[in-house]
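Chain residues, written in single-letter form:
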Amino acid sequence: TGGAHFAYDIPTTDIDRVESDEDLTLLAGPNFTIQYVCYNTQKAPLDDVRVRKALGMAVDKEAIRLAAYDGTGNLGIGPMTSNTQYATEDLDVDGYDLDAAKALLAEAGYPDGFEIKIYTNENQARIDAAQVVQNSWAKIGVTASVTTLEYAAYYDAVNSGEYDVCFFGWVSNGDPDNTLYGLYHSSMIGASNYSHTNNPTVDELL
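Scoring rules and cut-offs
Residues numbered from 1 in each chain as written. Predicted model: local features only at pLDDT ≥ 70, side-chain atom pairs only at ≥ 80, totals over all residues. Heavy atoms only, no water. Axes fitted to C-alpha atoms, helices over the stretch in contact; angles between N-to-C directions. Helix = DSSP H or I, 4+ residues; strand = E, 2+ residues; numbered from the N terminus. Parallel < 35°, antiparallel > 145°, perpendicular 65-115°, else oblique. Left-handed = near helix turned anticlockwise from the far one by under 90°. Contact = heavy atoms within 4.5 Å. Nonpolar A, V, L, I, M, F, W, Y, C, P; charged D, E, K, R; others polar. Buried < 20%, exposed > 50% of the residue type's maximum accessible area, 1.4 Å probe, protein only. Arc of directions from axis to C-beta. Polar contact = N/O pair within 3.5 Å; in protein donor to acceptor, adjacent residues only side chain to side chain. Patch = residues over 30% accessible without salt bridge, like charges linked within 9 Å, V, L, I, M, F, W, Y side chains within 5 Å. Areas by Shrake-Rupley, 256 points an atom, 1.4 Å probe, with all protein chains shown as cover. Salt bridge = Lys/Arg side-chain N within 4 Å of Asp/Glu carboxyl O. Lys, Arg positive; Asp, Glu negative; His and termini not counted. Charge placed at Lys NZ, Arg CZ, Asp CG, Glu CD. Pairing = 2+ DSSP bridges. Right-handed = clockwise from strand over helix to strand, strands pointing away.

Undergrad: Residue-level account of the packing of helix H3 (residues 61–69) against helix H5 (residues 124–138), with values.
TA: Following both chains from N to C, one finds H3 and H5 inclined at 140°, their axes separated by 8 Å at the closest point. Judged by the inter-axis angle, H3 sits oblique to H5. When you trace H3 past H5, the crossing you get is right-handed. On H5, the residues touching Ala63, Ile64, Ala67, Ala68 and Tyr69 of H3 are Ala125, Arg126, Asp128, Ala129, Val132 and Val133. The residue inventory of the contact of H3 with H5, partitioned by class, reads nine nonpolar, no polar and two charged.

Undergrad: How would you explain H3 if you had to name every residue and give the values?
TA: For H3, the complete set of buried residues consists of Ile64, Arg65, Ala68 and Tyr69. Around the axis of H3, the buried residues are gathered within 100° of arc, so they sit on the same side. Those residues of H3 that are buried lie in contact with strand S1 (33–39) and H5. The residue sitting at the N-terminus of H3 and contributing the capping side-chain oxygen is Asp60; that oxygen lies 3.2 Å from the backbone nitrogen of Glu62. Of the residues flanking the end of H3, it is Asp70, one or two places downstream, whose phi is positive at about 50°.

Undergrad: Could you give me a rundown of the packing of helix H2 (residues 49–57) against helix H4 (residues 98–107), with the residues and numbers involved?
TA: Between H2 and H4, the shortest axis-to-axis distance is 8 Å and the interhelical angle comes to 160°. By the angle between their axes, H2 is roughly antiparallel relative to H4. You can see that H2 and H4 cross each other, and the crossing is left-handed. Along its contact with H2, which presents Arg50, Val51, Lys53, Ala54 and Met57, the element H4 presents Leu98, Ala100, Ala101, Leu104, Leu105 and Glu107. A class-by-class count of the residues in the contact of H2 with H4 yields eight nonpolar, no polar and three charged.

Undergrad: Describe a negative patch on the surface, and please don't skip the residues or the numbers.
TA: Taken together, the side chains of Glu122, Glu150, Asp156 and Glu162 make up a negatively charged region of the molecular surface. Within the element layout of this structure, Glu162 appears in the loop between helix H6 (151–160) and strand S4 (165–171). For Glu162, a relative accessible area of 45% gives the class partly exposed.

Undergrad: If you had to explain the pairing of strand S2 (residues 115–120) to someone new, which residues and values would you point to?
TA: For a regular strand, the rule is simple: side chains alternate between the two faces of the sheet. Inspection of the sheet shows S2 paired to strand S3 (residues 143–148) by six bridges, in the parallel sense. Bridge pairing in S3 places Ile116 opposite Ala144. Where the polypeptide runs from S2 across H5 and back to S3, its parallel neighbour, the crossover connection is right-handed. Here two bridges tie S2 to S4, and the two strands are oriented parallel to one another. By the bridge assignment for S4, Tyr119 is matched with Cys166.

Undergrad: A description of the environment of Pro200 should follow, citing residues and the corresponding values.
TA: In this structure, Pro200 sits in helix H8 (residues 200–205). Between the C-alpha atoms of Pro200 and Arg50, which are 150 residues apart in sequence, the distance is 20 Å.

This is a description of form; function is not addressed.
Shown next, in the form of structure tokens:
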């Protein structure tokens, strides 16, 4: 309506509207935000690293970028975004491989898959991403249900650990301590360690 001089953080679903309006100018560039699929590492079968690896290998991450974020952004290599000083771009990241994912599930004792619950909030991009993941996991026999909660209920469910899988974002200030400690140190369970990672070696390193 012309009522704003400046609007920050335009949803990707509105990019076409902005670009098609001759009175508006879109300024776009990389930020310090990651969007990620988060596994509750304290709940079976997600407490088995082979299961987590299988689920990751069964998802075409480029499909999420295209479907949920309209092709914007970059595929993440690790928890630090590529435009931060301490990003590591040469990590050995598992690729999209359905056969390898099925083999890992069988090795972990789930040759026929299992049922799992995905929680997301009312962020449309995360809802779209959850649907891509749901469809992807079906190809390896994993049946996922998606529950969408309003923000307050969502945070309560995630922090209490009642979920299996959730979708989250994290904004780094560029310092790895801000990102890695917040997301992975056991003392942050119930605060920002949504995966409920509790690993003494990780704690010591952090």
